[in-house]
Amino acid sequence: MKSPLFKILFQSVSIILLMSAVGNLYASAIKQTKGQFEDKFRQLDETFPTPNVYRNAAGEPGHQYWQQKVDYQIKATLDEKKRRLTSSEKITYKNNSPDTLKYLWLQLDQNRFDSQSMANRSSTFSATKDDRKRGEKWGHPAKSSAKISLNQLRKQQFEADNNLGYDIKSVKSNSDKDLHYVIVGTQMRIDLTKPLKSGKSVSFSIDYAYNIGEQGAVGGRAGYEHFPDDAREGGNDIFQLAQWFPRLAAYTDYEAWTNKEFLGSGEFTLEFGDYYLELTVPADHIVSATGELDNPSEVLTKKQRNRLSKASTSKRPVYIVTPKEALQNEKSGTNKTKTWQFTAKNVRDVAWASSRKFMWDAKGYHQGGKIQPTVMAMSFFPKEGNPLWEKYSTESVIHTLEVYSRFSFDYPYPVAQSVNGPVGGMEYPMITFNGPRTELQDDDSRTYSLAEKRFLIGVVIHEIGHIYFPMLVNSDERQWTWMDEGLNSFLDGVAGREWDPTIPWGVEPRDVVDYMKSENQVPIMTQSDSILQFGPNAYTKPAVALNILRETILGRELFDFAFKEYSKRWIYKRPTPSDFFRTMEEASGVDLDWFWRGWFYSTDHVDISLDRVYRLRLDTKNPDVDFSRTRDAESEKPSSVFVERNKAEGRKLWVDKNKDITDFHDKNDRFTVTNKDRNDYKEFIDSLEDWEKRVLDRAVEEDKNYYVLDFSNQGGLVMPIILGLTYTDGTTNEMRFPAEIWRRSPSNVRKLLVLDKELEQIEVDPKWETADVDIENNYYPRKIIRSRLEMFKQEDGKKPEDRDLMQDYKAKLKSQDDITEIKEETSDEISE
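Predicted, not measured: the structure shown is a model, and the values here were computed from it.

With that out of the way, let us pick up the pattern of salt bridges. The full count for this structure, using the stated rule, is 59 salt bridges. Overlapping salt bridges, with partners in common, bring together D230, E330, K357, K383 and E384 in one network.

This paragraph deals with the packing of aromatic side chains. A full pass over the atoms with the stated rule returns 49 aromatic pairs. Here the aromatic rings of Y319 and F381 are separated by 6.3 Å at their centres, their planes lie at 50 degrees, and the arrangement is tilted. Of this pair, Y319 sits in strand β16 (residues 318–321) while F381 sits in strand β20 (residues 374–381); the two residues are 62 residues apart in sequence, bridging distant segments of the chain. When its relative accessible area of 0% is taken as the criterion, F381 is described as buried. Stacked on the ring of F268, the Lys or Arg R247 has its end atom at 4.8 Å from the ring centre. Over the aromatic face of F227 sits the side chain of K357, whose NZ or CZ is 4.2 Å from the ring centroid.

Reading across the sheet, the four strands line up as β5-β6-β3-β10 and stay open at both edges, with antiparallel pairing between neighbours. Two strands in the sheet have a free side with no partner beyond their single neighbour: β5 (181–184) and β10 (247–248). In this sheet, strand β6 (residues 187–196) lies alongside β5 in antiparallel orientation, the contact comprising four bridges. The residue of β6 that forms the bridge with V182 is R189.

So, on to the environment of F581. With respect to the helices and strands, F581 occurs in helix α16 (residues 577–588). For the pair F581 and K704, spaced 123 residues apart in sequence, the C-alpha to C-alpha distance is 43 Å. Ignoring sequence-local partners within four residues, the contact set of F581 consists of F48, W482, M525, W596, F600 and Y601.

The subject of this paragraph is the layout of surface pockets. In this structure, the largest pocket encloses a volume near 1300 Å³. Every residue lining the largest pocket is counted, 30 residues in all, and those nearest its centre are R112, S123, T124, S126 and K155. If you tally residues by element for the lining of the largest pocket, the top one is helix α5 (residues 150–161), at five residues. Here the residues of the lining of the largest pocket sort into 10 nonpolar, 16 polar and four charged.

A few words on the packing of helix α12 (residues 482–499) against helix α14 (residues 534–554). The geometry of α12 relative to α14 is characterised by a closest axis approach of 7 Å and an angle of 60 degrees between their N-to-C directions. In terms of axis orientation, α12 runs oblique to α14. The two elements α12 and α14 cross, and the hand of that crossing is right-handed. Listed contacts from α14 to W482, E485, G486, L487, S489, F490 and R497 of α12 are A538, Y539, P542, A543, L546, N547 and R550. Of the residues that constitute the contact of α12 with α14, the class distribution is eight nonpolar, three polar and three charged.

This next bit is on the nonpolar core. If you look at the biggest cluster of nonpolar residues, it comprises 188 residues, and the most contacted ones within it are W244, F580 and W599. Looking at this core element by element, the count peaks at nine residues for helix α10 (residues 388–407). Contacts of W244, omitting those with residues within four sequence positions, involve I74, A76, L85, S87, Y166, Y208, Y210, L277, L279, V350, A351 and W352. Within the second largest apolar cluster, six residues are counted, among which are Y614, L616, L618 and Y706.

Before going further, it helps to examine unusual backbone geometry. In this chain, F469 is followed by P470 through a cis amide linkage whose omega measures 20 degrees. Secondary-structure assignment places P470 in the loop between α11 (450–465) and α12. In this structure, P781 follows Y780 across a cis peptide bond, with omega equal to -5 degrees. Mapped onto the elements of the fold, P781 is located in the loop between β32 (779–780) and α24 (805–808).

The next thing to look at is the sheet that holds strand β2 (residues 84–94). The strand order across the open sheet formed by seven strands is β4-β7-β2-β1-β13-β17-β15, and the pairing between neighbours is mixed. The strands lining the two open edges of the sheet, one partner per strand, are β4 (167–173) and β15 (292–293). Where β2 meets strand β7 (residues 201–211), 11 bridges bridge the pair, whose relative direction is antiparallel. What sits directly across from Y93, in β7, is V202.

With 18 residues, α12 extends 24 Å between its outermost C-alpha atoms, agreeing within 8% with the 26 Å of an ideal straight helix rising 1.5 Å per residue. For α12, the tally of buried residues reaches 15 of 18 residues, placing the bulk of the element in the interior.

With that settled, the discussion passes to the confidence of the model for the protein. In this model, the protein carries an average pLDDT of 90, and 90% of its residues clear a pLDDT of 70 or more. Counting interchain partners and residues more than four positions distant, the pLDDT-below-50 stretch residues 1–33 has 57 contacts. Ignoring residues within four places in sequence, the model shows residues 134–143, a span with pLDDT below 50, making four contacts including any to other chains.

For the rest of this paragraph, the subject is the packing of α14 against helix α15 (residues 556–570). Closest axis-to-axis distance for the α14/α15 pair is 7 Å, and the angle between their directions is 135 degrees. Classed by the angle they form, the pair α14 and α15 counts as oblique. Across from L546, L549, R550, E551 and L554 in α14, the residues of α15 making contact are R556, L558, F559 and D560. Split by residue class, the contact of α14 with α15 holds five nonpolar, no polar and four charged.

The next thing to look at is empty space enclosed by the protein. Within the structure shown, the criterion is met by one cavity of 30 Å³ or more. When its volume is computed, the largest cavity comes out at roughly 190 Å³. Elements supplying a minimum of two residues to the lining of the largest cavity: β7 and β9 (236–241).

A surface patch of nonpolar side chains, about 430 Å² in accessible area, is lined by L653, W654, V655 and I661. Within the fold, L653 resides in the loop between α19 (641–649) and α20 (654–657).

Below, the discussion takes up the pairing of β9. When you tally the buried positions in β9, you get six out of six residues, the bulk of the element. Side chains N236, I238 and Q240 of β9 all project onto a buried face; the interleaved residues D237, F239 and L241 project onto the opposite face, where all are buried too. One ladder, built from five bridges, connects strand β8 (residues 223–227) with β9; its direction is antiparallel. Each bridged residue has a counterpart across the sheet, and for E225 the counterpart in β9 is I238.

Scoring rules and cut-offs
- Residues numbered from 1 in each chain as written.
- Predicted model: local features only at pLDDT ≥ 70, side-chain atom pairs only at ≥ 80, totals over all residues.
- Heavy atoms only, no water.
- Salt bridge = Lys/Arg side-chain N within 4 Å of Asp/Glu carboxyl O.
- Phe/Tyr/Trp six-rings, centres within 6.5 Å; stacked < 30°, edge-to-face > 60°.
- Helix = DSSP H or I, 4+ residues; strand = E, 2+ residues; numbered from the N terminus.
- Buried < 20%, exposed > 50% of the residue type's maximum accessible area, 1.4 Å probe, protein only.
- Lys NZ or Arg CZ within 6 Å of the ring centre and 35° of its normal.
- Pairing = 2+ DSSP bridges.
- Contact = heavy atoms within 4.5 Å.
- 1 Å grid on protein atoms, 1.4 Å probe; cavity = no way out; pocket = protein on both sides within 12 Å on 5 of 7 lines; lining within 4 Å.
- Points joined across faces, edges and corners; volume = space filled by probe spheres on them.
- Nonpolar A, V, L, I, M, F, W, Y, C, P; charged D, E, K, R; others polar.
- Axes fitted to C-alpha atoms, helices over the stretch in contact; angles between N-to-C directions.
- Parallel < 35°, antiparallel > 145°, perpendicular 65-115°, else oblique.
- Left-handed = near helix turned anticlockwise from the far one by under 90°.
- Core = buried A, V, L, I, M, F, W, Y, C linked by side-chain atoms within 4.5 Å.
- Expected span 1.5 Å × (residues − 1).
- pLDDT = per-residue confidence, 0-100.
- Patch = residues over 30% accessible without salt bridge, like charges linked within 9 Å, V, L, I, M, F, W, Y side chains within 5 Å.
- Areas by Shrake-Rupley, 256 points an atom, 1.4 Å probe, with all protein chains shown as cover.

Okay, structure coming up:
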C-alpha cells in the first residue's frame, strides 16, 4: 500500500543522474552570501590561553605548576548573648610562586554586610516576584516598581540597628610588630616588612571580631537563626559560621592576586593549607566543624563517645546526641563554656556550626582504599528537622560519596557533615549547611511534604557534592561559577536519578529549553557577578550540556573516562575552563570545540527544523517499468474541481456523446510502451560497461526507497541530528548524524536516506536529547502538538508535591451536611 504521506515523486533519470541531482540539492544548501558564513567549528585555541610550563596543551598541570600554601591557627569565642564572634588567628604563608611578593591580599567577606559596602551601594531595586507578575499581567511593569516587601524592610532595619563587618583589632608580624594594612571594601592589603621571595614563608597574626548577622534578615551564606518559642527563657539560636575569618586571597599563575570585590554572587577563590581550630562556645552547645575533633573526651560524655564508636560500623545512623538529650539542652542554658578543638589537613577553607538544639547522628561509610578507608557521615539538626532528617540526611551524604567517587576519586577527608540551620544550602570542606524542615501540627506530630523531602535529599547531595567540586578540584568561583555549580549540578543529577529518577532533578535537556530561547541571558562563560539569571545560567545549562555530552555526543565510556581524568589531574589544584575543555578533548579523543563554543561561549539555542522531505524513485530506464510507475503517479493526483462539479451536475463529455469518432490515441495514452522504447532501452543497456550493468541491476532488483531531507538550523547552535523513523509497516528505528554534518553549512543541510522500507513519519530528536526548543518543527509531516496548558491551577499556586500529604491524610471525610453547613456559614459571613 502506498504511503498517503509521501506522494511527491521526482521525474527520475538514470541512477548516475539521480546522484548528480542530489549533489546539486546539497550544493544549493551550502551556498552562502559573501560575508555571511560563520564557522561554528572554528578551533578555540585562539581563544584559550597559550599552553605553558604551568598548564599544558593537554589540559593538565604543567611540569612547573605551582600554588601557594596557607596554614591557619585560629582561636575563636562565640558570645551567644551578644551574637558576636571574637577571634585571633596566626597565618603562615608559603610563597611557592616564582615571583617575589611585596604585599599580601586577604578577603574580608563580612564587610559585604556593611551598609557602605560596594555590594550594598551597587545593588539595584527590584519589586517582589508577585508584584512583577501582577504588573506584567496588566501591562504596567513600571507600576510594580513602587512597592517594597517586608523582607526588604527587615533587611534595611537590621543593617541600621547593627554594626556589621569586621572590626580589625590588630595585624602583627611574627615578632609582634604592627604591620601596615589598608582595607579596600572586602579586601585587605598587608604590606610586608621585607619582600617575600620565592620558596620562603612569612607568619603574622590578626585579632578581630564581628557581629553575627541574622541570616533571615540579611541573607548570605552564614548567620544565626533565633527560636523564640523554645522552653528556655529567651529562646535559643543556631549559629552557622562561614567566611568568619580574614582569609588569604589566591595568588595564581593566570591572574596573580585574585582580589575581586565580594559582591555576593561570585563566591570564593582560596588556597589550600592546614588548620587548627579552638572554638569556645557555651558548654551545652554541640559543635560541627571542618576537620577531625581532637578532644572528644573533653567535650563529649563517655556514652556519646561510645555511640560515636558504634556508629562507625552500624548499618543505619546512630544518634550521638539523642532527641531527648537535645530537647533537654533546649530547656536550660549555662554560663559555662567548652572549647572544641579541630584539625583539618589540606583544605581550602573551614566553617562550623554551634547550638544547644542539635541532635547528632552518624554512620560510617567504608569506601576502602588507602587514602581514607572509613569516612564518618554525620548530621546535626534540631527537633524542627525530624522525622525527615533522621531518615534521609546521613544516608544522602553516603549516597553522594558513593556516586561522586565513582566519577572522580576516593573521598580523602575523615568526615562529611550535613547541618540544618538558617542557610538553605551551602558547602565547605567536610561540612555543609542545608535548610529543609518539618511542620509542627496541632496534635504535636511533625509532617513534611513530598517537595520538602525532595528538597532535603537534593540539597544534601548537591552540597556534599561540592566538597569534590570546588573544595577539592579548586576552581575559581569568583570568576567562573559554572565550573563548580555546573559540574556539581551535573553530578548531583546523576546521583539524584540513581536515588529516585521520579524526582525532578533539573538536568534533563527539557529542563533548559525555556531559558535557552529567552532573551534575558548571557553566555555561561560570563563572570559570576554579571550573570543575569543565576540558576539557569550557572547551574542548569552547564549541567544539561554535560548530560548531553555524556549521553548523546561522546557516550558514557568516553565521557566518564575523560571526566575522571580531569578530576584526578586537578584534585588539590586550581583548574581553569580551558584546562577542563582541553582535558575532555584530549582524554576522549574527540574534537569538541564546536560544543564548547556553542554551549559555553554563545547564547545560541538548539532548534533544528525538518522543513521538507522529497521521495525519489530510481529510474530503471526500462519503459515497461518506468512508464507504468509514471501512469500510477499521475492517477494519484487529485482530479480537477471543475471536472468533479461537472460530474455532479450530470454534464456529459463530448467524447462520451460521440463514441463513433475515435482514433489511435483514444486507445493508447501517453504512457503506452512501444517497441522503439524497448529498442532504445536495449541499446542503453548494451552501452553500459559490465560494472555499470551490475550496479544498475542490483539497484533495480533492490528497489530501495530514496529520501532527501531538508534541515534548517533555526537556533544557531549546531548539534547532532537524531531521527526517529516510522515505516508504513509500523516498525521504527533511529538514525544519528554527528554535529559535523553542519561544518560547511551551519544554517541549512540536506541529507539523503536510502531505506529498505517506505517511510510514514520522521521525527527529529524523538527522545528530547538535545534541548531542542521547538518540537513543532521536528515532525514531517507536521503533527498536532498536545497543549501544554494546565487544566487548572490551584489558587495558592502550589504544585501537587507541595501538599503536606502526611497531614492531609489524617483528615476525616466530611458528610454532605457538613459541606452544606460550611457553605452557609461562609455565605453569611460574606453577607455581613
